[in-house]
Amino acid sequence: MKLEMEQKWYNKLGEYRFDPSDTAKPKRYVLAMFPYPSGNLHMGHVRVYTISDAMARFYRLNGANVLHPMGWDAFGLPAENAAIQRRIPADKWTHRNIGEMRKQLDMLAFSFDWEREFATCEPEYYRWTQQLFLMLFKDGLAYQREALVNWDPVDETVLADEQVDDNGCSWRSGAKVEKKVLRQWFIRTTAFAKPLLEGLNDPGLEDWKDIIKLQRHWIGECEGYAFELPLEGNHKVKSVSVWTRNPEELKKALFVAVHPDNILNSSKHNECILENVTVANPFTKLALPVVVTEQVPFPEGCDTYLAVDSEQNRALATKNGLSLASKTKLKEVNNSTGEEILQQALSKGIGGHPVSSKLRDWLISRQRFWGTPIPIIHCPSCGTVPVPEQDLPIQLPTDSVGVPLAQNEQWLSVTCPSCQRPDCRRESDTMDTFVDSSWYFLRFIDSHNKTMMFDRTLAHRLMPVDLYVGGKEHAVLHLYYARFVAHYLHSKGLLPTPEPFKRLLVQGMVMGRSYRVVSSGKYIPATEVEVIDEKQNKAIERVTGEPVAMLWEKMSKSKLNGVDPLEVLREHGCDTLRLILLADVAPTSHRNWSEATFPGILNWQKRLWMTLHDFRELRGKVDPVTTKPPTTEEFTEHEHKMWDARNYFTAGATFNYRHSHQLSVGISKMQGLTNAIRRVPPDVVTFGRQYERALAAQIIMLAPMAPHFAAELWEQLVTAPNRVAREDTSSDLQWDGTVFDQRWPEIDEEFPLDLTFKINGAECCILKIPAKRFNQLTHQESLDLALRQEPIVKLIGKRPLRTSDFVLYPSCEAILN
């Protein structure tokens, strides 16, 4: 029955396109992090998109012009490795997976604006990723240098530090990571370190909570400056990075100390002076020796130390047989102030930005095949030459399977666009996939634009993203890189704000029940387990009797605890699956997937269905000519209870949709309204106007979470015979439209809402104020009301009021602390 009903409504729910021409409605940009197209949806996908879809539908019912797009984060090693194993091109494998996942997303009826769909592996997209790189390159924010990198010998590519686990193994292949010196491309994110740190204080950021702490920790306190000092002579490594709190220390530098693990120490001595290696100090014109040692206070995260003139550093130099310039000479070489040194460094492009000692620039080079080509040509005459913009995109070869670009001679060979020399080489590195996802939210604004990344006017209208939904695993790197790109583009005048995401909803994982044999640690399927005591987590393996640990863990194939969402969909229907994922726990909490939780949702749906059945049956028995509604006090009282319940539970559900995003509590509020509706006597069902309005509010509030079910319930409501509210013009209900043509239920002006007074955070008393007046409350008026309440006067006495905070959630609640 459910599946038939969903099929009936599937093609009637309409298309969900943002209308750029509609400027009358407020905009809402709701975005869920786009997926990697693995080919199969998992429960984590279904949860995140169910959350974003419920919010997008809620905003539409509130009269907003909503942008809710979907696309694919389609580059990366998994596709490349899968393609090599199957001996097919990576783009074919990727687009096949996209087709499969698109079908699965459609089955769940998510209201995406599919007209804006793109995949990052399409030349039409990565042409603009290359454009972004060229902008950064032109501004001195993309550069190449030698670096000691993490090398995965199995996947044959560079890994970021964050992609290496605590055991020194690759996050993807599991291989022991090696260290290699390679010439790599970097993006100078450190140039924006301080603005990125200060941006976390932006009052416009909502619900960032502990994500702010994670970002702060990643960036670090910007209490010093980094400088890239050139090495003298002809070396493979061209420069050394030093960090100092005080730029004037560069005038007093005696030598540069490096840790034995530093890239310059190729001989791996523990303590020595590096022969024929000196650092040019551009601010004193003196050459600084390089000492390998562990006996200096390296700044956090640094393997270099700028040794200034001090007794301790002179003693260390003497110990290593290093003769130093006299103190007098050091004083004479430079009279620049710290500010002047910073300005010189900035003008030379060798640093001078405020930054923490531990933050590093973003290493974006990857050495395989399936990624955005870096648009650079290496010319023996001209050096590093950017590809002209009219020649973009530099496309990947499509006919080879897994051949690294560095081995594809036909693709590498190119003519220099500057001097026309024919024996030049393309850059063979591709970009880290984080570059593709660092700006994708901007392409959704204007995904078919063929002349620019996005239209500036549209960006100023639609940015920032109003609600960004995604997992906590992306709370550091992806958010940091996306914030960097937004800060950079804001500095170019292309975005209205530096911060790209106004409000975050960081959803928890879906956890599956796993079973692990205690003695061996081996995971076994549920069918091989006998549960002795569920509450005490006691179980044994059926065959051996061995004790089994029962755990809630992230769903995965290796732990044998995954659940295919399509199986649940086929058994219970799309709307039930969505409601199960949203009920019981907040979106931000982990969701333990258990069939024991199903009956609560299934019974609620059954009660709603029976409610409409009973309503239609009783209304069908009424003869409108001879039968009149009761005039008894009891009938009037029940109608008032319906009025009260509708307003009370609507206020609660609205708060949990709009303000707290506690959608599970919103479901509880709706279930409370269902209970109130089910309690009324038959004559109220038969004749009650307030009963009808409560039923309508119930169905509309359910619609964002269970669209097909709500659409069917609404049709049952509006086609019922003898509806007393059929001609009711006092409400905003469109009785001749579908449930999605309705407006979100409003609170009646006379309904009393709670103004809660707290003292030092503890609730003291509550004042009920009619909604009409409540929604006009100011901080001062609330304070005046508070000081007239007897419980508050008793508690405060004559003590002075130090401070007060006031927050008003219109038509929901208000708090004065």
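Residues numbered from 1 in each chain as written. Predicted model: local features only at pLDDT ≥ 70, side-chain atom pairs only at ≥ 80, totals over all residues. Heavy atoms only, no water.

Going by an unreviewed UniProt entry, the protein carries the name leucine--tRNA ligase and comes from Anopheles maculatus. Reading the Subcellular location (unreviewed entry) entry of the UniProt record for the protein gives the comment "Mitochondrion". Per its UniProt entry, the protein bears the Catalytic activity (unreviewed entry) comment "tRNA(Leu) + L-leucine + ATP = L-leucyl-tRNA(Leu) + AMP + diphosphate". (UniProt positions renumbered as here; feature names shortened; annotations may be inferred.)

**Q** Help me understand the sheet that holds strand β1 (residues 27-32) in this model?
**A** Two strands in a sheet stick together by hydrogen bonds in their backbones, pointing the same way (parallel) or opposite ways (antiparallel). Reading across the sheet, the 4 strands line up as β2-β1-β20-β21 and stay open at both edges, with parallel pairing between neighbours. Where the open sheet ends on each side, the last strands, each with one partner, are β2 (65-67) and β21 (504-507). Strand-to-strand, the axes of this sheet are offset by a mean angle of 15°, without reference to chain direction. One ladder, built from 4 bridges, connects strand β20 (residues 467-471) with β21; its direction is parallel. The residue of β21 that forms the bridge with V469 is L505. Sheet contacts for helix α2 (residues 43-61): β1, β2, β20 and β21; angle to β1, the most-contacted strand, approximately 170°. (Pairing = 2+ DSSP bridges. Helix = DSSP H or I, 4+ residues; strand = E, 2+ residues; numbered from the N terminus. Axes fitted to C-alpha atoms, helices over the stretch in contact; angles between N-to-C directions. Contact = heavy atoms within 4.5 Å.)

**Q** Mind showing me how you'd approach helix α5 (residues 123-138) here?
**A** Since one α-helical turn is 3.6 residues long, residues separated by three or four positions face the same way. End to end, α5 covers 22 Å across 16 residues, agreeing with the expected 22 Å (1.5 Å per residue, within 8%). Judged by how many residues are buried, α5 sits mostly within the fold: 12 of 16 residues are covered. If you check which residues of α5 are buried, you get Y125, Y126, R127, W128, T129, Q130, Q131, L132, F133, L134, M135 and L136. Once α5 finishes, G140 follows within two positions and takes phi at roughly 75°, a positive value. (Expected span 1.5 Å × (residues − 1). Buried < 20%, exposed > 50% of the residue type's maximum accessible area, 1.4 Å probe, protein only.)

**Q** So what exactly am I meant to see when it comes to the side chain of T576 here?
**A** Residue placement: T576 occurs in helix α17 (residues 574-582). Reaching out from T576, the side chain makes a polar contact with the side chain of Q605 at a distance of 2.6 Å. (Polar contact = N/O pair within 3.5 Å; in protein donor to acceptor, adjacent residues only side chain to side chain.)

**Q** So what exactly am I meant to see when it comes to the packing of aromatic side chains here?
**A** Per the counting criterion, the structure on display carries 37 aromatic pairs. Taken together, a centroid distance of 4.9 Å and an interplanar angle of 80° make the contact between F75 and W370 edge-to-face. Within this pair, whereas F75 is found in the loop between β2 and α3 (77-86), its partner W370 is found in the loop between β14 (365-366) and β15 (376-379), the two being separated by 295 residues in sequence. Accessibility classification places F75 together with W370 in one group, the buried group. Relative to W370, the ring of F369 lies with its centre 6.2 Å away and its plane at 15°, an arrangement referred to as stacked. Note on accessibility: F369 and W370 belong to one class, buried. An aromatic cluster is built from F34, F118, Y125, W439, Y440, F441, F444, Y468 and F501, whose rings are joined through pairwise contacts. Taking NZ or CZ as reference, K180 lies 4.3 Å from the ring centre of W151, over its face. (Phe/Tyr/Trp six-rings, centres within 6.5 Å; stacked < 30°, edge-to-face > 60°. Lys NZ or Arg CZ within 6 Å of the ring centre and 35° of its normal.)

**Q** Whenever I open this one, the domain arrangement of the protein confuses me. Can you help?
**A** Size of an interface, as often reported, equals the accessible area lost when the parts are brought together. By the assigned domains, the protein splits into domain 1 (1-7 + 26-120 + 434-507), domain 2 (221-325 + 334-355), domain 3 (510-582), domain 4 (594-741) and domain 5 (752-816). Spacing between the C-alpha centres of domain 1 and domain 3 amounts to 31 Å. Each side of the interface is counted separately: domain 1 has 18 residues, and domain 3 has 17 residues. Counting each side, the surface lost to burial between domain 1 and domain 3 is near 1600 Å², with a carbon and sulfur contribution of 71%. (Domains from an automatic or database assignment. Buried area = accessible area lost by both parts, 1.4 Å probe.)

**Q** Is there a simple way to think about unusual backbone geometry in this case?
**A** Among all residues save glycine, negative phi is the norm, and among peptide bonds the norm is trans. Each neighbour pair has its own omega, and for L392 with P393 the value is 0°, a cis peptide bond. Examined against the element boundaries, P393 turns out to sit in the loop between β16 (383-386) and α11 (409-412). A cis amide bond links M463 with the next residue in sequence, P464, at an omega value of 0°. Secondary-structure assignment places P464 in the loop between α14 (456-462) and β20.

**Q** How should the pairing of β16 be read in this particular structure?
**A** Regular strands place their side chains on alternate faces of the sheet. For β15 and β16, the ladder comprises 4 bridges, and the chain directions are antiparallel. Bridging across to β16, I376 finds its partner in P386. Hairpin connection between β15 and β16: a loop of 3 residues separates the two successive antiparallel strands.

**Q** Whenever I open this one, a negative patch on the surface confuses me. Can you help?
**A** Residues D564, E567, E571 and E595 make up a contiguous surface patch of negative charge. Looking at where E567 falls in the secondary structure, it is placed in helix α16 (residues 565-572). Judged by its relative accessible area of 52%, E567 is exposed. (Patch = residues over 30% accessible without salt bridge, like charges linked within 9 Å, V, L, I, M, F, W, Y side chains within 5 Å. Areas by Shrake-Rupley, 256 points an atom, 1.4 Å probe, with all protein chains shown as cover. Salt bridge = Lys/Arg side-chain N within 4 Å of Asp/Glu carboxyl O. Lys, Arg positive; Asp, Glu negative; His and termini not counted. Charge placed at Lys NZ, Arg CZ, Asp CG, Glu CD.)

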